[in-house]
Amino acid sequence: MRRLGFAALQALPAAVARPQYEAQSVGIGIVHLGIGAFHRAQTAVYSDDALALERGDWGICGVSLRSSDVRDRIAPQEGLYTSVEKSPSGERRRVIGSVREVLFLGDQRHEMHSRLVDARTRIVTLTITEKGYCHDPATGRLNFSHPDIGHDLADAEHPISAVGLLAAALDARRSSHGRPFTVLCCDNLPHNGSLVRGLVLAYAERRDQGLARWIGKHVTFPSTMVDRIVPATTREDVAANDAALGVHDAAPVVHEPFRQWAIEDDFCAGRPAWERAGAQLVDDVAPFEAMKLRLLNASHSAFAYLGYLSGHEYIYQVAAERDFVAYMRGLMRDEVLPTLSIPAGVDVAAYQNALVERFGNPALPHRTQQIAMDGSQKLPQRILATVRDNLAADRPIDCLALAVAGWMRYAEGVDESGREIKVSDPLSSEFARVAAAHRSDPQALGRALLGLRAVFGEDLPADARFADKVIDWLKALHADGAARTVARAVGAFSNY
Ligand code: CS2
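Note that this is a predicted model, so its numbers are computed, not measured. (Residues numbered from 1 in each chain as written. Predicted model: local features only at pLDDT ≥ 70, side-chain atom pairs only at ≥ 80, totals over all residues. Heavy atoms only, no water.)

Asks: I'd like a description of the overall build of the chain, backed by residues and values.
Replies: Counting its regular elements, the chain contains 23 helices and 11 strands. Taking 23 Å as the expected radius of gyration for a compact globule of 496 residues, we find that the chain reaches 23 Å, a close match to that expectation. Dimensions along the principal axes, computed over C-alpha positions, put the chain at roughly 60 × 55 × 45 Å. Taken over 496 residues, the chain has a buried fraction of 58%. Looking at the chain alone, contacts between residues at least 24 apart form 77% of all its contacts between residues at least 6 apart. As presented, the chain carries roughly 19,000 Å² of accessible surface, and 49% of it is formed by carbon and sulfur atoms. (Helix = DSSP H or I, 4+ residues; strand = E, 2+ residues; numbered from the N terminus. Rg over C-alpha atoms; globule rule 2.2 N^0.38 Å. Buried < 20%, exposed > 50% of the residue type's maximum accessible area, 1.4 Å probe, protein only. Contact = heavy atoms within 4.5 Å. Areas by Shrake-Rupley, 256 points an atom, 1.4 Å probe, with all protein chains shown as cover.)

Following this line, the structure appears as structure tokens:
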């Protein structure tokens, strides 16, 4: 079958949209670190729309840090790939042209560094997942004992961490043309711009105080909130897309119709017209980010752990369960909303209803295990920050504590039928050690996992209102299973 590329565009069926601008002539102005499915389904689509509406050299060079897979799939296609929007009302396919180059750090370090240092590169965006920043999730500080950070400080010319790569590129720019770029974190982290700024400055200070000062003075790190549900692409997705296009695309991405991008407008060297593509340029992203992290991502993680333990492979199956929907609504209503300041003009009731509907999209098989990954890196900003706010105000945390207990039960690595759970997490070996030591003792297991300071900090394990509630739920999960425990939790709601 013919391969997707510019020469194949004209032959595509009329129903398949394609770039509405001369993508081949667009110069590269953005380097994206972490060119996974989310970036290609969300921020690269906004850029594609923006380029169609306002010409500019804002093409994207995507960089993979860990694997050559995406590069090997997209480079032969001249950067082109299909965005497949899937909903109960059908599918919409569109070839995206904003990615103009894809590199792999492992064997194209020189090309990548040149692109990062090139004065025409004015923005570096990142989606490297929560664990990619080598930080301590509980404190937000750079983890200098992280092996990648240790490697980079010892060999600053050949960094492997995103923080090290940014610092090396900025150092080379400082000592050559002197032009900075904007760093735009697009990961689900709280105050992600200032968080990444702190990490890069902490790293730079260890290397060169002058570099740290220059970065602090010239480089901007605006925060953003990104939202689109993007399950991992399956072989079936690729086959169905080839059949629809009539050409082979090795790297389609599948996603929901919904998308949102709130961005602080603080760019030191310009930006694409993303607002013309529907992005929201705001003075303060924090309210948007808290709403999204605490309503969507907390519910997602709760569904992932408790839903998986209840025997559900996909989120839409969990969202079809009346008790789980009641649990999600109760968690949002009683324990998240009181901690939020809703941005002006936002209908938060409609937002919550939309979340339930989005999770229930049966056309989008989003695996519970995909969302369950890296829980130690996700829980602090999705659930524990909300717990802290509620404890400070002496408000309930029952549903949040059940989500944490669900994570603990999942982290044990054995499901309710005794089958192994493949737990994917930077701390998975620690989980396995704790589970082996306390397999049949949920009290001791809960205490041991609460002792993970990188996740829970010092305060939460010491607060009996939280620790005791989590352990009580963990005991219930062991005794009755997740489905019955969720049913019991919602049975306690007065209006259920
Ligand atoms: C999910 C997110 O995998 C996960 O942790 O909760 O990727 C979620 O799909 C996105 O944040 C939605 O915008």
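Continuing now.
Asks: Explain the pattern of salt bridges to me, using residue names and the numbers behind them.
Replies: For the structure shown, the criterion picks out 37 salt bridges. The shortest N-O distance in the salt bridge between Glu458 and Arg453 comes to 3.0 Å. For Glu458, a relative accessible area of 58% translates into the label exposed. We classify Arg453 as partly exposed; its relative accessible area is 38%. Between Asp480 and Arg488 there is a salt bridge, with its nearest N and O atoms 3.7 Å apart. Members of the salt-bridge network, linked through shared partners, are Asp48, Asp49, Arg94 and Arg259. (Salt bridge = Lys/Arg side-chain N within 4 Å of Asp/Glu carboxyl O.)

Asks: Summarise the domain arrangement of the chain; cite the residues concerned and give the values.
Replies: The domains assigned to the chain are domain 1 (6-282) and domain 2 (286-490). Each of domain 1 and domain 2 has a C-alpha centre, and these two points are 29 Å apart. Listed as interface residues are 33 residues of domain 1 and, on the opposing side, 30 residues of domain 2. The junction of domain 1 with domain 2 conceals about 2,400 Å² of combined surface from both sides, 60% of it contributed by carbon and sulfur atoms. (Domains from an automatic or database assignment. Buried area = accessible area lost by both parts, 1.4 Å probe.)

Asks: Kindly report on unusual backbone geometry, identifying the contributing residues and their values.
Replies: Backbone geometry places Thr129, a non-glycine residue, at a positive phi of 65 degrees. Topologically, Thr129 is positioned in the loop between strand E6 (123-126) and helix H6 (147-154). Positive phi, close to 55 degrees, is recorded for Cys134, a residue that is not glycine. Along the polypeptide, Cys134 turns up in the loop between E6 and H6.

Asks: A description of the environment of Tyr327 should follow, citing residues and the corresponding values.
Replies: Checked against the element boundaries, Tyr327 lands in helix H13 (residues 322-336). Sequence-wise, Tyr327 and Val490 are 163 residues apart; in three dimensions their C-alpha atoms are separated by 5.6 Å.

Asks: Account for the sheet that holds strand E7 (residues 182-185), naming residues and giving values.
Replies: The strand order across the open sheet built from five strands is E5-E2-E1-E6-E7, with neighbouring strands paired in parallel fashion. Looking at strand neighbours, the two that pair on one side only are strand E5 (99-104) and E7, the edges of this open sheet. Strand-to-strand twist in this sheet, taken as the mean axis angle between neighbours without regard to direction, amounts to 20 degrees. Relative to E7, E6 runs parallel, the two sharing four bridges. Bridged to Thr125 within E7 is Leu184. (Pairing = 2+ DSSP bridges. Axes fitted to C-alpha atoms, helices over the stretch in contact; angles between N-to-C directions.)

Asks: Describe the pairing of strand E4 (residues 90-96), listing the residues and the values that go with them.
Replies: Two strands pair when backbone bridges link them, and strand E3 (residues 81-87) and E4 are joined in this way by seven bridges, in the antiparallel orientation. Following the sheet pairing, Tyr81 is matched in E4 by Ile96. From the end of E3 to the start of E4, which pair antiparallel, there are two residues.

Asks: Give a detailed account of the site of the ligand, specifying residues and quantitative values.
Replies: Around the ligand, the neighbouring residues are Asn188, Asp227, Arg228, Lys292, Leu296, Asn297, His300, His366, Ile371, Lys378 and Arg382. A distance of 2.6 Å separates an oxygen atom of the ligand from a polar side-chain atom of Asp227. The contact in question runs from an oxygen atom of the ligand to an N or O atom on the backbone of Arg228, over 3.1 Å. With the chains in place, 89% of the 340 Å² that the ligand exposes on its own is no longer accessible. Looking at the shell around the ligand, the elements that each hand over two or more residues are helix H11 (286-309) and helix H16 (375-392). (Near = heavy atom within 4 Å. Polar contact = N/O pair within 3.5 Å; in protein donor to acceptor, adjacent residues only side chain to side chain.)

Asks: Tell me about the packing of aromatic side chains, and name the residues and values.
Replies: Taken as a whole and assessed by the stated rule, the structure comprises 11 aromatic pairs. Aromatic side chains Phe456 and Phe466 sit 6.2 Å apart centroid to centroid with 45 degrees between the ring planes, which places their arrangement in the tilted category. Of this pair, Phe456 sits in helix H20 (residues 453-456) while Phe466 is found in helix H22 (residues 464-480), placing the two residues 10 residues apart along the sequence. Residue Phe456 shares its accessibility class with Phe466, and that shared class is buried. Three or more aromatic residues joined by ring pairs make a cluster, and in this case those are Tyr46, Trp261, Phe267 and Trp274. Over the face of the ring belonging to Tyr46 we find Arg259, whose NZ or CZ atom lies 4.1 Å from the ring centre. For the cation-ring pair, Arg358 lies above Phe258, with the distance from its terminal atom to the ring centre recorded as 3.8 Å. (Phe/Tyr/Trp six-rings, centres within 6.5 Å; stacked < 30°, edge-to-face > 60°. Lys NZ or Arg CZ within 6 Å of the ring centre and 35° of its normal.)

Asks: Run through the layout of surface pockets, naming residues and quoting values.
Replies: Within this model, the second largest pocket holds a volume of roughly 310 Å³. Lining the second largest pocket are 19 residues, with Pro190, Arg294, Pro380, Gln381 and Ala385 sitting closest to its centre. Those elements that provide at least two residues to the lining of the second largest pocket are H11 and H16. Taken together, the residues of the lining of the second largest pocket break down into 10 nonpolar, five polar and four charged. Structurally, the lining of the second largest pocket is a two-domain feature, drawing no fewer than three residues from each of domain 1 (6-282) and domain 2 (286-490). (1 Å grid on protein atoms, 1.4 Å probe; cavity = no way out; pocket = protein on both sides within 12 Å on 5 of 7 lines; lining within 4 Å. Points joined across faces, edges and corners; volume = space filled by probe spheres on them. Nonpolar A, V, L, I, M, F, W, Y, C, P; charged D, E, K, R; others polar.)

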